[in-house]
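Report on the structure
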Amino acid sequence: MNTLAKQIEQLNQELSSQLPQEVINAFGKSVDDLKTKNMEDRCIRPGEKMPEFLLPNATGKMIDSNDILKKGKMILAFYRGSWCPYCNLELKFLQDNLSRIKDKNAVLIAVSPQTPDHSLSMAEKNRLGFEVLSDQNNDFAKKLGIVFQLQDFVLPYYRNLGINLSEFNNNDENLLPVPAVFVVDQDRRIIFKYLDVNYMNRVDVEELIQAL
């Protein structure tokens, strides 16, 4: 089976052949700008306690972090939205490894700022067997320090590709979470963190499972 990194490498090659160089340059500039903000160092860290949350799932049911942690460790995977091909690859790969995660007595939860309707469509399309929660206005992600403002210069390129964040997220803020994965033990302490402002890089699932 292909690793996630290999799948991402293939996606990069496909997009580089499909997208105009102007678009690729703008996306690269966006990532380079984020790298100057030192978000990896400024966000919540291992050893700190994960804030509690109460967020709606894809069908609107409210999910309480305290209820999840009664079952075991919790993996929180933050993704940008169903419009992001890299996020879809990551979530599908996590789904492929879901039985290994459950064997470690852990519960996988995905979180994005998009509305429950969009989450439901994505969960059904990718046949996800884990909860996909909606963090309206990134309120929970803001507490963790993993939210950024999508730069004005790159917004037109998103729109030209048919990505209307206002419609996906039901607001006009153009705020997104940095793709991040946290493992939280049953006393809410973070024992593993992955975060990379370059959305093309994603968690090593083998490292994630070893951390459980």
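That block above? That's the structure.
Residues numbered from 1 in each chain as written. Predicted model: local features only at pLDDT ≥ 70, side-chain atom pairs only at ≥ 80, totals over all residues. Heavy atoms only, no water.

**Structural notes on the packing of aromatic side chains**
Inclusion rule: The criterion for an aromatic pair is that two Phe, Tyr or Trp rings (for Trp, the six-membered ring) have centres within 6.5 Å, with stacked assigned to planes under 30 degrees apart, edge-to-face to planes over 60 apart and tilted to the rest. Helix numbering and strand numbering both begin at the N terminus, where a helix is a DSSP run of H or I of at least 4 residues and a strand a DSSP run of E of at least 2. Accessibility here uses a 1.4 Å probe with only protein chains present; expressed as a share of the type maximum, an area under 20% marks a residue as buried, one over 50% as exposed, and anything in between as partly exposed. Charge-over-ring placement is defined geometrically: NZ (Lys) or CZ (Arg) within 6 Å of the ring centre, and within 35 degrees of the ring normal.
In total, this model carries 6 aromatic pairs according to the counting rule given. Taken together, a centroid distance of 6.1 Å and an interplanar angle of 90° make the contact between F78 and F182 edge-to-face. Of this pair, F78 sits in strand β3 (residues 73-78) while F182 is found in strand β8 (residues 180-184), placing the two residues 104 residues apart along the sequence. Across the pair, F182 and F78 agree in class, each one buried. Here the aromatic rings of W83 and Y158 are separated by 5.6 Å at their centres, their planes lie at 70°, and the arrangement is edge-to-face. Of this pair, W83 sits in the loop between β3 and α5 (85-96) while Y158 is found in helix α9 (residues 155-160), placing the two residues 75 residues apart along the sequence. Neither W83 nor Y158 differs from the other in exposure class; each is buried. Seen from the ring of Y199, R80 lies directly overhead, with NZ or CZ sitting 4.1 Å from the centre.

**A closer look at the sheet that holds strand β5 (residues 131-134)**
Stated precisely, the cut-off is as follows: Pairing between strands is defined by DSSP: at least two bridges between them are needed. Geometry is summarised by axes, namely lines fitted to C-alpha atoms with helices restricted to the contacting stretch, and by angles between N-to-C directions that run from 0 to 180 degrees.
With mixed pairing, 5 strands are arranged side by side in an open sheet as β5-β4-β3-β8-β9. Two strands bound the open sheet, and with one partner strand each, they are β5 and β9 (190-195). Put simply, the sheet's adjacent strands are angled 20° from each other on average, direction ignored. Where β3 and strand β4 (residues 106-112) come together, 6 bridges link them in parallel fashion. Within β4, the position partnered with K73 by the bridge is A106.

**Some thoughts on helix α1 (residues 4-18)**
What counts, and what does not: Helices are assigned an expected span. That span is 1.5 Å times one less than the residue count. It is the directions from the helix axis to the C-beta atoms whose arc is reported. Two residues qualify as a contact provided that any one of their heavy atoms is within 4.5 Å of a heavy atom in the partner residue.
Under the 1.5 Å per step criterion, the end-to-end length of α1 is 21 Å for 15 residues, consistent within 8% with the ideal 21 Å. Inspection of α1 places L4, Q7, I8, L11 and L15 among the buried residues, and these make up the whole buried set. All buried residues of α1 fall inside an arc of 95° around its axis, so they share one side. The exposed set on the far side of α1, more than 90 degrees from its buried face, consists of A5, K6 and S17. Of the surrounding elements, those touching the buried residues of α1 are α2 (21-35) and α5.

Purely spatial values, then, with no claim about function.
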